[in-house]
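# Architecture at a glance
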Amino acid sequence: MSKTSIPKNYHDLLGLYDTQRAIGIIKTIFQEKLCAALHLKRVTAPLFVLNGSGLNDDLNGVERPVSFDVPCLDERAEVVHSLAKWKRYALAEYGFRPGQGLVTDMNAIRRDEELDNLHSIYVDQWDWEKVITAKDRTLPFLQETVRDIVDAVCSTADELRWKFPELKAIRLTREPTFITTQELEDLYPDLTPKERENAFTRAHGTVCIMQIGGKLRSGDIHDGRAPDYDDWSLNGDIVVYYPLLDMAYELSSMGIRVNAESLASQLEERGCPERV
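Below is a summary of the structure that appears in this document. (Residues numbered from 1 in each chain as written. Predicted model: local features only at pLDDT ≥ 70, side-chain atom pairs only at ≥ 80, totals over all residues. Heavy atoms only, no water.)

### Section: helix H3 (residues 139-163)
Side chains that are three or four residues apart share a direction in an α-helix, a result of its 3.6 residues per turn. What counts here: In this text, helices come from DSSP runs of H or I with a minimum length of four residues, and strands from runs of E with a minimum of two, each type numbered from the N-terminal end. One fewer than the residue count of a helix, multiplied by 1.5 Å, yields its expected span. Polar contacts here mean pairs of N or O atoms no more than 3.5 Å apart (in protein, one a potential hydrogen donor and the other a potential acceptor; neighbouring residues in sequence count only if both atoms are side-chain atoms).
With 25 residues, H3 should reach 36 Å at 1.5 Å per residue; the first-to-last C-alpha distance of 37 Å fits that figure. Sitting at the head of H3, Thr138 places a side-chain oxygen 3.2 Å from the backbone nitrogen of Phe141.

Set out below in structure tokens:
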């Protein structure tokens, strides 16, 4: 059942036509700024991959992909959930070197998504990945990347307000506040993970919530994260306070990918060491 709701007294600031103009401007400006900040090149991504190729993202392992038969290949294909695994394959195929990466405008279908004001079964988002070296697998490198992304978002918002003065009331905090999921639990032990995000983001504006996926001291996890995706000690969600809905709004879910050691540890924590 959908949990989508329209806030009382809500009205759009631009109207339908200008909203579409603004979306087009965002897609152009933000992509340019993100590519410049992170040294990325745009590539075209697949809408679907062959079943069994290993290129679709399993998300939390329970979501069902939309699939269909391809008679001319005698195969079945499935619409992507995300490009987490395909991006790593593409980096090798395109021959990107350390410090370089790719970005794409990804479309996907997530049939089992719980619908609300922020989530849809249809996904349209930027997806990026870059090659790094072992020495870059550090917290400072992650935080520097977060700051670059936030700066690109804020610079895009500045240009959008210049083109559409009606948006002048919308402001973002340019310097993100970093906090771990364990620090959030310690700060708000009586709140749920989502309530903790809302409370902290309401107080700080732009926030990067780090170390998502592993067990907290309470025995719970803050949010699900695939064990073979990013390193739970070196990941983070960039969230901003969204006053219209009085809640935290996730702009980016990202992280430094697992290495052999972190992969083995995370698989064991999830109870599947046989996959190591």
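### Focus on the nonpolar core
Cut-off, in case you're wondering: Note on terminology: a nonpolar core comprises buried Ala, Val, Leu, Ile, Met, Phe, Trp, Tyr and Cys residues joined through side-chain atoms within 4.5 Å. Each residue gets one of three labels from its accessible area relative to the maximum for its type: buried under 20%, exposed over 50%, partly exposed in between, using a 1.4 Å probe on protein chains only.
With 22 residues, the main nonpolar core has Leu34, Leu40, Trp128, Val146, Ile149 and Met254 as its most contacted residues. Mapped onto this core, the elements with two or more residues apiece are helix H1 (15-38), H3, strand S8 (206-210), strand S9 (230-242) and strand S10 (247-257). If you tally residues by element for this core, the top one is H3, at eight residues. Counting 13 residues, the second largest nonpolar core, distinct from the first, contains Val43, Val49, Leu83 and Ala90.

### Some remarks on the pairing of strand S3 (residues 67-70)
This is how the line gets drawn: Each pair of strands is called paired provided DSSP finds at least two bridges between the two strands.
Bridge count for S3 against strand S4 (residues 75-79) is four bridges, and the pairing is antiparallel. Its bridge partner being in S4, Asp69 is matched across the sheet by Arg76. Where S3 hands over to S4, the hairpin turn is made up of four residues, of which Asp74 adopts a positive phi near 55°.

### Considerations on the sheet that holds S3
In plain terms, the rule: Angles here are taken between N-to-C directions and fall from 0 to 180 degrees, while the axes themselves are lines fitted to C-alpha atoms, restricted in helices to the stretch in contact.
With respect to topology, three strands assemble into an open sheet ordered S2-S4-S3, the strand pairing being antiparallel. Single-partner strands in this sheet number two, and they are strand S2 (48-50) and S3. Strand-to-strand twist of the sheet, defined as the mean angle between neighbouring strand axes without regard to direction, takes the value 35°. Examined bridge by bridge, S2 and S4 share three bridges and lie antiparallel to one another. What sits directly across from Val49, in S4, is Glu78.

### Some words on the pattern of salt bridges
As a reminder, the rule being used: In what follows, salt bridge is the name for a side-chain nitrogen of Lys or Arg lying within 4 Å of a carboxyl oxygen of Asp or Glu.
Summed over all chains, the structure comprises 21 salt bridges. For Arg257, the salt bridge identified is with Glu129, shortest N-O distance 2.7 Å. Of this pair, Arg257 sits in strand S10 while Glu129 sits in strand S6 (residues 122-130), and the two are 128 residues apart along the sequence. A residue is classified by how much of its surface remains accessible, and Arg257, at 16% relative accessible area, is buried. On the basis of relative accessibility, which here comes to 5%, the residue Glu129 falls in the buried class. With its nearest N and O atoms 2.9 Å apart, the salt bridge here joins Arg202 to Asp246. Remark: Asp246 occurs in the loop between S9 and S10 and Arg202 occurs in helix H5 (residues 193-204); sequence separation between them is 44 residues. Classification of Arg202 as partly exposed rests on a relative accessible area of 39%.

### Focus on helix H6 (residues 260-269)
We count it as follows: Note: the arc covers the axis-to-C-beta directions of the helix. Contacts between residues were defined by any pair of non-hydrogen atoms, one from each residue, lying within 4.5 Å.
Buried within H6 are the following residues: Ser262, Gln266 and Leu267. The arc enclosing the buried residues of H6, seen along the axis, measures out at 130°, which places them on a common side. Those residues of H6 that are exposed and aimed more than 90 degrees away from the buried face are Ala260, Glu261 and Glu268. Summarising the contacts, the buried residues of H6 are in contact with S9.

### Details of the sheet that holds strand S5 (residues 101-109)
The three strands lie next to each other as S1-S5-S6, forming an open sheet whose pairing is mixed. Both outer strands of the open sheet, strand S1 (40-42) and S6, are each paired with one neighbouring strand and no more. Adjacent strand axes in the sheet meet at a mean angle of 35°, parallel and antiparallel pairs treated alike. Contacts from H1 reach S1, S5 and S6, with the element oriented near 20° to S6.

### Considering a nonpolar patch on the surface
Defined as follows: Patch membership requires over 30% relative accessible area and the absence of a salt bridge. Like charges are linked within 9 Å, and nonpolar side chains (Val, Leu, Ile, Met, Phe, Trp, Tyr) within 5 Å. For accessible areas, the Shrake-Rupley method is used with a probe of radius 1.4 Å. Any residue's cover is judged against the shown protein chains and nothing else.
A grouping of Ile6, Tyr10, Tyr242, Leu244, Tyr249 and Leu251 is seen on the molecular surface, where their side chains present a nonpolar patch of about 570 Å² in accessible area. Its place among the elements puts Leu244 in the loop between S9 and S10.

### Here's the deal with the packing of aromatic side chains
For any pair of aromatic rings, the description consists of the separation of the ring centres together with the inter-plane angle of the planes. Let me state the cut-off plainly: Side-chain rings of Phe, Tyr and Trp (the six-membered ring for Trp) are treated as a pair once their centres are within 6.5 Å; stacked means planes under 30 degrees apart, edge-to-face means over 60, and tilted covers the remaining angles.
Going through the model one piece at a time under the given rule, you end up with four aromatic pairs. Centre to centre, the rings of Phe48 and Phe68 are 5.3 Å apart; their planes meet at 80°, and the pair counts as edge-to-face. Residue Phe48 is found in strand S2, and its partner Phe68 is found in strand S3; the two are separated by 20 residues along the sequence. Residue class for Phe48 comes out partly exposed when judged on its relative accessible area of 43%. Here Phe68 falls in the partly exposed class, since its relative accessible area comes to 31%. For the pair Tyr94 and Phe96, a centre-to-centre distance of 5.9 Å together with 45° between the ring planes defines the contact as tilted.

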